[in-house]
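One-letter residues, chain by chain:
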Amino acid sequence: EPIDFGPAPNPYACTAIEKLPPYRWLSRVWGHVAAAHIPFDWLKDVIFNSYAATYACNLTEMRHPLPKYKSLSDFFLRPLKEGVRQIDADSEAALVSPVDG
């Protein structure tokens, strides 16, 4: 049975929602924020632990301790310990996702 999603949205409203926010500018600003060097270990603790709590990152899988990561971008791209997140290559239903959560 098909799902009824209600009436179609107004195409003008959809276009405005897609075009009005400055996505390219916001993306560039966020890129600079994420790449900014965090100078203090206590500040790294606060930022990285907040990020990890928000996005359900498993910090026990990290290869290095938090102070080693210099920016939020470094933390986001952190290497994992060997052997965590094993992939069952024999399974036909295997789905690989390189993200936390």
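Definitions and limits used
Residues numbered from 1 in each chain as written. Predicted model: local features only at pLDDT ≥ 70, side-chain atom pairs only at ≥ 80, totals over all residues. Heavy atoms only, no water. Core = buried A, V, L, I, M, F, W, Y, C linked by side-chain atoms within 4.5 Å. Buried < 20%, exposed > 50% of the residue type's maximum accessible area, 1.4 Å probe, protein only. Helix = DSSP H or I, 4+ residues; strand = E, 2+ residues; numbered from the N terminus. Phe/Tyr/Trp six-rings, centres within 6.5 Å; stacked < 30°, edge-to-face > 60°. Lys NZ or Arg CZ within 6 Å of the ring centre and 35° of its normal. Salt bridge = Lys/Arg side-chain N within 4 Å of Asp/Glu carboxyl O.

Caption draft 1: Region of interest: the nonpolar core. Of all hydrophobic cores here, the largest spans 10 residues; its members are Ile38, Phe48, Tyr51, Ala52, Cys57, Met62, Leu66, Tyr69, Leu72 and Phe75. Of all the secondary-structure elements, those providing two or more residues to this core are helix 3 (41-55) and helix 4 (72-76). No other element matches the three residues that helix 3 contributes to this core.

Caption draft 2: Structural context of unusual backbone geometry. Of note in the backbone geometry, alanine 56 takes a positive phi value of approximately 55° without being a glycine. Checked against the element boundaries, alanine 56 lands in the loop between helix 3 and helix 4.

Caption draft 3: Focus on the packing of aromatic side chains. This model, assessed by the stated rule, comprises six aromatic pairs. Ring geometry for tyrosine 69 and phenylalanine 75: centres 6.1 Å apart, planes at 80°, overall edge-to-face. For tyrosine 69, a relative accessible area of 4% puts it in the buried group. One aromatic cluster is present, formed by Phe48, Tyr51, Tyr55, Tyr69, Phe75 and Phe76 through successive ring pairs. Directly above the aromatic system of phenylalanine 75 lies the positively charged group of arginine 78, at a separation of 4.6 Å from the ring centroid.

Caption draft 4: Focus on the pattern of salt bridges. Following the criterion strictly, the structure yields two salt bridges and no others. Lysine 44 serves as the salt-bridge partner of aspartate 41, at 3.8 Å between the closest nitrogen and oxygen. Here the residue aspartate 41 and the residue lysine 44 both occupy positions in helix 3, the gap between them amounting to three residues, near one helical turn. Taking relative accessible area as the criterion, aspartate 41 reaches 44% and is therefore assigned partly exposed. You can call lysine 44 buried: its relative accessible area is 5%. Between glutamate 82 and arginine 63 there is a salt bridge, with the nearest N and O atoms lying 3.5 Å from each other. Separated by 19 residues along the polypeptide, glutamate 82 in the segment after helix 4 and arginine 63 in the loop between helix 3 and helix 4 bring together distant segments of the chain. By relative accessible area, arginine 63 is classed as partly exposed at 43%.

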